[in-house]
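# Coordinates in review
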Number of protein chains: 2
Amino acid sequence: MLHAGKTLQADVAVIGGGVIGHCIAWEARRSGRSVALIDDAPGQGASWAAAGMLAPVSELHYQEEDLLELMLESSLLWPAFAADLARAGAADPGYLTTPTLAVGADAADRRALMDLRTVQQASGLEVEPLTVREARAKEGLLSPAISCALEIAADHQVDPRKLVASLRGLLAVHEPGAGTAVGGARGGFAVDDRARSLLWENGRVTGVGLAQGRTVQARETIVANGLQAPSLGGLPEGLHLPLRPVYGDILRLAVPRHLRPLVTSTVRGLVRGVPVYIVPRQDGSVVIGATQREDAVSAAEDPVKSDTAVSAGGVYQLLRDAQVLVPAVSELELLECTARARPATPDNAPLLGRVPDVPGLIIATGFFRHGVLLAPAAAAICRALMEGRGDRRWAAMNPSRFSRPKAPGQDLPGVIDHQKESA
Amino acid sequence: MLHAGKTLQADVAVIGGGVIGHCIAWEARRSGRSVALIDDAPGQGASWAAAGMLAPVSELHYQEEDLLELMLESSLLWPAFAADLARAGAADPGYLTTPTLAVGADAADRRALMDLRTVQQASGLEVEPLTVREARAKEGLLSPAISCALEIAADHQVDPRKLVASLRGLLAVHEPGAGTAVGGARGGFAVDDRARSLLWENGRVTGVGLAQGRTVQARETIVANGLQAPSLGGLPEGLHLPLRPVYGDILRLAVPRHLRPLVTSTVRGLVRGVPVYIVPRQDGSVVIGATQREDAVSAAEDPVKSDTAVSAGGVYQLLRDAQVLVPAVSELELLECTARARPATPDNAPLLGRVPDVPGLIIATGFFRHGVLLAPAAAAICRALMEGRGDRRWAAMNPSRFSRPKAPGQDLPGVIDHQKESA
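Structural notes, computed from the coordinates. Every chain is numbered independently, its residues counted from 1 as its sequence is written. As a convention, the first chain written is A and the first ligand written is 1, with the rest following in written order. At least 70 in pLDDT is required for a residue's local features to be given in this predicted model, at least 80 for side-chain atom pairs to be given and counted, and no such filter applies to totals for whole chains, interfaces and linings, which use all residues. Hydrogen atoms and water are omitted, and side-chain values are computed over all heavy atoms in the structure.

A separate point is the overall build of chain A. Labels follow the DSSP assignment, with helices taken as runs of H or I lasting at least four residues and strands as runs of E lasting at least two, numbered in each case from the N terminus. Per the secondary structure count, chain A includes nine helices and 19 strands. Burial classes follow relative accessibility: with a 1.4 Å probe on protein chains only, a residue under 20% of its type's maximum area counts as buried, one over 50% as exposed, and anything between as partly exposed. The buried share of chain A, reckoned over its 423 residues, is 57%. Note on contacts: a residue pair qualifies if any of its non-hydrogen atoms lie within 4.5 Å across the two residues. Of the contacts made within chain A by residues no fewer than 6 positions apart, 75% connect residues no fewer than 24 positions apart. About 16700 Å² of surface is accessible on chain A, with carbon and sulfur atoms providing 52% of the total. Per-residue and other accessible areas follow the Shrake-Rupley method at a 1.4 Å probe size, with only the shown protein chains counted as cover for residues.

Okay, here's the thing in structure tokens:
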């Protein structure tokens with residue numbers, strides 16, 4: 001099957017070089033597998049905009065118990081994951097275990113946060129109410145007009161751009177020159193191309209064809225390319241990946257010297273029912289975000305509109321609400337406005353696992369707002385699946401859950417339709 | 001005086017490649033003079049941020065009669081200037097003669113605009129009140145909640161970035177290779193370097209020394225480098241150029257197809273006493289600006305702070321106030337946030353003219369908010385000065401007006417101190 005100049009070979013082909021793809025690739029690599037990580041714009045998707053909050057407690061939503069269990073699992077994995085990165089000599093990913101402060105602006109925000117606390121406590125999560133005076137003793141620039149503050153010690157942060165760079169450094173070996181097959185190598189390499197279509201052979205996924213004509217042959221192929229996943233060619237027949245883009249605007253701001261540190265904790269606010277967060281970075285800058293837009297007019301319908309278009313209304317809302325919590329935000333320097341689409345699913349939980357009866361294929365997408373937090377768990381789950389150690393706890397995440405069941409006697413998914421891809 | 005590889009020669013050396021410097025350079029060039037335009041970052045200063053409103057009527061301020069006369073003069077020059085550019089084969093500078101709509105948000109804004117109209121009319125300027133219904137018939141996306149609207153037919157616009165590119169194209173001849181002296185050539189050339197110090201010989205300015213060691217020899221040297229002017233070496237002794245930076249934030253936004261055109265006129269609003277403008281560009285985008293900040297903490301005092309730092313509070317204010325006038329602004333795509341400092345003077349009028357008793361030197365800076373409007377007049381005035389046709393009308397702009405008078409018998413300014421510069 002090897003054509004000189006055409007075929008690369010690895011134990012694992014990971015499609016998609018965001019935080020999820022990179023974490024999976026590194027996990028596969030440190031389990032002794034060779035890995036090809038395929039992306040023509042690594043780290044430039046949702047990972048580029050993510051604030052990097054590792055916040056299972058504040059991100060708890062009503063009636064998302066399965067997702068909560070996965071978030072808590074991944075939250076427990078994070079300290080060891082960060083320590084392993086450091087031990088492996090990776091560049092600093094900006095992992096910080098400073099606490100999160102949940103803050104309400106008015107009386108209704110206070111009620112909403114206190115109601116949520118009841119649920120958080122019922123789930124065994126620690127959320128500590130502070131008086132406004134106590135909160136302002138910790139964060140001197142918080143507005144005295146806030147209605148409540150709750151300390152959440154377990155909600156931490158990492159810098160997603162640094163994290164991708166950190167993991168990318170560990171992949172280490174770059175893409176071998178065109179024409180080199182690296183079968184058998186225990187290395188990892190980055191393939192600067194776009195995945196076009198899965199390859200099939202005898203009912204099994206055997207790799208992926210790339211846009212520029214080459215192929216990557218792999219024992220396991222992992223689809224981790226976010227919103228692009230449904231448009232990948234050669235997906236198993238009948239597999240429905242119902243991802244929709246939920247846009248988010250995010251700001252990066254420099255804090256002038258006389259205002260440093262603006263905040264020491266991550267401040268997550270509810271301002272008249274609308275969430276906003278202020279995440280302090282190690283370099284003294286802050287990240288402000290939280291908009292969620294599902295645009296009426298899609299980029300496809302308006303050629304003028306880009307998929308990375310920053311919303312003027314979104315930026316306005318972020319600056320308005322952040323100033324309600326921390327008035328000094330108005331004195332910051334606006335460094336960057338970014339927007340990206342996150343891959344959301346109907347139940348807000350990821351599409352993560354094997355497709356029944358399709359060996360060689362794992363799906364890992366739909367992480368929506370939780371990709372950075374869930375990355376170590378996703379990587380561990382993918383590794384376990386490759387090693388035949390599937391965990392029933394994560395059955396609710398299975399990527400076929402929105403697909404119509406096959407009629408009895410129907411062909412194995414994909415075998416017939418996609419046989420041509422293995423030619 | 002020519003050293004191979006060291007000296008360039010031109011009839012006119014223009015220091016500063018913003019809109020003002022480029023207009024002066026072109027005017028000098030089409031009067032038959034050779035021109036060296038010196039700037040290591042042409043068009044990247046205040047010109048980069050300018051909205052390009054040509055608005056003598058709306059920019060009228062109380063008790064600035066001398067400035068108004070200059071603005072009206074330049075406003076009259078603009079149509080011929082734009083036509084000359086087109087005739088010369090220049091790239092389109094985005095000159096548009098669409099009207100301006102002055103709009104008030106509340107009753108106090110209405111009173112302020114109507115009071116200003118009284119003064120505008122006393123100066124012979126045409127300002128036509130419209131009903132809100134009439135205004136909305138012209139501009140369908142104007143908020144129905146505005147308090148007043150006034151049409152100003154004489155206030156137009158140009159795109160300053162395009163204008164600089166347009167004029168730069170006309171300079172045409174690029175910097176000659178190092179070592180080439182172009183004495184006698186009737187051309188224009190751009191010198192990609194920073195002016196360090198004026199050169200003097202026998203009480204006369206004879207050109208300028210550059211940061212990288214070369215010199216430009218010129219019969220006339222014109223200082224048109226905005227806020228950098230006071231730090232130029234070798235200025236005439238006792239000449240005080242009291243420029244201060246007044247920062248402005250400006251936004252560029254894309255209008256989605258279903259909202260085009262957002263507005264057809266330039267909309268200049270007063271929103272609870274604070275000015276904001278929305279300038280529609282030919283390509284369907286809009287420019288929103290008007291902040292004026294004189295920062296308490298200067299860039300010099302805070303090493304974290306950049307001179308081109310965009311203020312988060314400024315961006316917030318612009319988006320907030322623009323939405324009051326045109327609510328659909330919230331649906332636009334934010335393309336760019338830019339900030340620059342404009343060179344302001346104590347009386348808001350430019351420093352424009354010769355320094356008494358200093359032949360070979362013309363000052364053209366301090367144009368503050370009015371550089372783009374005033375550029376053709378500044379160019380014409382500089383040309384007239386070079387041709388010995390000074391106009392008493394512009395005596396109030398003389399660049400020495402903030403300098404202490406010399407004691408009788410004192411040396412001619414600069415001759416002794418700066419003689420060394422001519423070595």
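Anyway, onward from the coordinates.
Once that is clear, we can look at the pairing of strand β6 (residues 148–152) of chain B. Residues and elements named next belong to chain B. Within β6, five of the five residues are buried, which leaves the element mostly enclosed by the surrounding structure. Side chains C148, L150 and I152 of β6 all project onto a buried face; the interleaved residues A149 and E151 project onto the opposite face, where all are buried too. In terms of strand pairing, strand β4 (residues 100–104) meets β6 through five bridges, oriented antiparallel. Directly across from L101, in β6, lies its bridge partner E151. If DSSP finds at least two bridges between two strands, the strands pair. Sheet topology note: the strand β5 (residues 128–130)/β6 ladder contains three bridges and is antiparallel. Note that in β6 the partner of L130 across the bridge is A149.

Below, the discussion takes up the interface of chain A and chain B. Contacts between the two partners involve 28 residues from chain A and, on the opposite side, 29 residues from chain B. Throughout, buried area stands for the accessible area (probe radius 1.4 Å) lost by two parts on being put together, summed over both. For the pair chain A and chain B, the two sides together bury roughly 2100 Å², of which 62% comes from carbon and sulfur. Looking at the side of chain A facing chain B, the largest losses of area belong to R257(A), A312(A) and Y316(A), adding up to 25% of the total buried there. Polar contacts, as used here, are pairs of N or O atoms within 3.5 Å; protein pairs need one atom able to donate a hydrogen and one able to accept it. Residues neighboring in sequence count only if both atoms are side-chain atoms. Counting across the interface, chain A meets chain B through six residue pairs in polar contact (both at pLDDT 80 or more). Elements represented by at least two residues in the side of chain A that touches chain B include exactly β16 (310–311), α7 (312–325) and β17 (333–344) of chain A. Here the side of chain A that touches chain B takes seven residues from α7(A), the largest share from any one element. Gly counts as polar in this scheme, as do all residues outside two lists: the nonpolar Ala, Val, Leu, Ile, Met, Phe, Trp, Tyr, Cys and Pro, and the charged Asp, Glu, Lys and Arg. Of the residues assigned to the side of chain A that touches chain B, the class counts are 16 nonpolar, six polar and six charged. With two bridges connecting them, β17(A) and strand β16 (residues 310–311) of chain B associate as antiparallel partners. Residue pairing across strands places L334(A) opposite V310(B), the latter belonging to β16(B).

The mixed open sheet is built from nine strands, whose spatial order is β16(A)-β17(B)-β12(B)-β15(B)-β14(B)-β13(B)-β4(B)-β6(B)-β5(B). Of all strands in the sheet, those bounded by a partner on one side alone are β16 of chain A together with β5 of chain B.

So, about helix α1 (residues 19–30) of chain B. Owing to its 3.6 residues per turn, the α-helix brings residues three or four apart onto one side. Residues and elements named next belong to chain B. By definition here, a helix of n residues has an expected span of 1.5 Å times n minus one. For α1, built from twelve residues, the straight-helix expectation of 16 Å at 1.5 Å per residue is met to within 8% by its first-to-last C-alpha distance of 16 Å. Restricting attention to buried positions, one finds in α1 the residues V19, I20, G21, H22, C23, I24, A25, W26, E27 and A28. Backbone geometry just after α1 places G32 at a positive phi near 95 degrees.

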